[in-house]
Structure formats: C-alpha cells, structure tokens
Amino acid sequence: MTRLQNMTQSLEDYLETVYLIILDGRVAQVRDIAHALGVKMPSVVKAIRELMRLELAVHEPYGGVDLTAKGRRVAKSILGRHTLLREFLVKLGVGEKMANRDACLMEHIVSAETLERIRIFTEKH
C-alpha cells in the first residue's frame, strides 16, 4: 500500500476526506472538508497547501480541491487501510460505529506487516 513518510495523521485524514467527497461525486470545497472533519476553514486551507506542496492536491482560490494522480493513489491506499481495519473489527464483533472510529485511529499506526496479516485473516473468516 502506498504510504508517504512525511505525511502526518492529520494530512492523511484531509487527503482521505477529499477523496471520499470526490468519490461521492461532489466537488471538494474547503467548507465541506472542514465540516466533514469538524475543523475550521483556515485549518483546511493550511492542510491543502501542504498537500499541494507534496504534489497530492491542486486547488484554485475559491474553487474546489482536486487530487493529483499521486494524491488519488495515496488516498486510495489510506481508504483501503481504513476499510480493511473496519471490516476486521466488525468481524471481531465490534459495532459498526466504534469499528469505524477505531479504524480511523489505527489506520495511521499499523505496520504493513500487521495489515497484511489482518488482510489474510479477514479473507479467511
């Protein structure tokens, strides 16, 4: 799975949120990203600037945020980790809401080796 060394948990959350909004067929506006993450719009603008610096996003002033091809690859990977972890936790009997919340926390810290073992386990059960 694609992972960037210099990405913070927060930046991964911003990237994943932009990706989810785009997948939903909407334009990722700063206000929508702020609402989805429960943060203020200046925080979103700062994060988007950093994503642009990392060549993961593009944003025209007062326009929507889009992802570069590289940004989409990284975002897809982040979402894949989240989905796998949520599925694993649900199979363990964790409720959907809590599994989603915990997966969001875990997706940033679990090693590639552990994720692979979870994937294998989840596919078998």
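Look a little higher up for the structure.
Figured I'd write up the structure that's included with this text. Please read all numbers here as calculations on a predicted model, not as lab measurements.

1. With respect to the layout of surface pockets
To find leftover empty space, a probe the size of one water molecule is rolled over the atoms.
Part 1 of the reasoning: Estimates place the volume of the largest pocket at around 230 Å³.
Part 2 of the reasoning: For the largest pocket, the full set of lining residues is Gln29, Val30, Arg31, Met41, Val45, Ile48, Arg49, Met52, His59, Pro61, Tyr62 and Gly63.
Part 3 of the reasoning: Contributions of two or more residues to the lining of the largest pocket are made by helix H2 (30-37) and helix H3 (41-53).
Part 4 of the reasoning: Tallying contributions element by element places H3 first for the lining of the largest pocket, with five residues.
Part 5 of the reasoning: Among the residues forming the lining of the largest pocket, the class breakdown is seven nonpolar, three polar and two charged.

2. Quick look at the pattern of salt bridges
Part 1 of the reasoning: Tallied over the entire structure, the rule returns seven salt bridges.
Part 2 of the reasoning: For Arg53, the salt bridge goes to Glu50, with nearest N and O atoms at 2.6 Å. Of this pair, Arg53 and Glu50 both sit in helix H3, three residues apart, roughly one helical turn.
Part 3 of the reasoning: Residue class for Glu50 comes out partly exposed when judged on its relative accessible area of 25%.
Part 4 of the reasoning: A salt bridge links Arg119 to Glu123, with the nearest nitrogen and oxygen atoms 2.7 Å apart. In this pair, Arg119 and Glu123 are both assigned in helix H6 (residues 112-124), four residues apart and thus about one turn of the helix distant.
Part 5 of the reasoning: Taking relative accessible area as the criterion, Arg119 reaches 29% and is therefore assigned partly exposed.
Part 6 of the reasoning: Residue classification places Glu123 among the exposed positions, given a relative accessible area of 57%.

3. Details of the environment of Val74
Part 1 of the reasoning: Examined against the element boundaries, Val74 turns out to sit in helix H4 (residues 69-91).
Part 2 of the reasoning: Relative accessible area serves as the criterion here: at 3%, Val74 is assigned to the buried category.
Part 3 of the reasoning: Expressed as a C-alpha distance, the spacing of Val74 and Glu16, which sit 58 residues apart in the sequence, is 8.6 Å.

The rules behind the values
Residue positions within a chain follow its written sequence, with the count starting from 1. This being a predicted model, a pLDDT of at least 70 is required before a residue's local features are given, and a value of 80 or more before pairs of side-chain atoms are given or counted; all residues contribute to the totals for chains, interfaces and linings. To obtain the side-chain values, all non-hydrogen atoms of the structure were included, while hydrogens and water were left out. In this analysis a 1.4 Å probe is tested at points of a 1 Å grid over the protein atoms alone, and where it fits but cannot get out there is a cavity; an open set with protein on both sides within 12 Å along at least five of seven lines is a pocket; lining residues have an atom within 4 Å of a point. Grid points are joined across faces, edges and corners, and a volume is the space filled by probe spheres set on the points. By the criteria applied, helices consist of DSSP H or I runs no shorter than four residues and strands consist of E runs no shorter than two, each listed in order from the N terminus. Residue polarity is assigned by list, with Asp, Glu, Lys and Arg as charged and Ala, Val, Leu, Ile, Met, Phe, Trp, Tyr, Cys and Pro as nonpolar; anything else, Gly included, falls into the polar class. Salt bridges, as used here, are contacts in which a Lys or Arg side-chain nitrogen is within 4 Å of a carboxyl oxygen on Asp or Glu. Type-normalised accessible area, obtained with a 1.4 Å probe on protein chains alone, sets the label of each residue: buried when under 20%, exposed when over 50%, and partly exposed for intermediate values.

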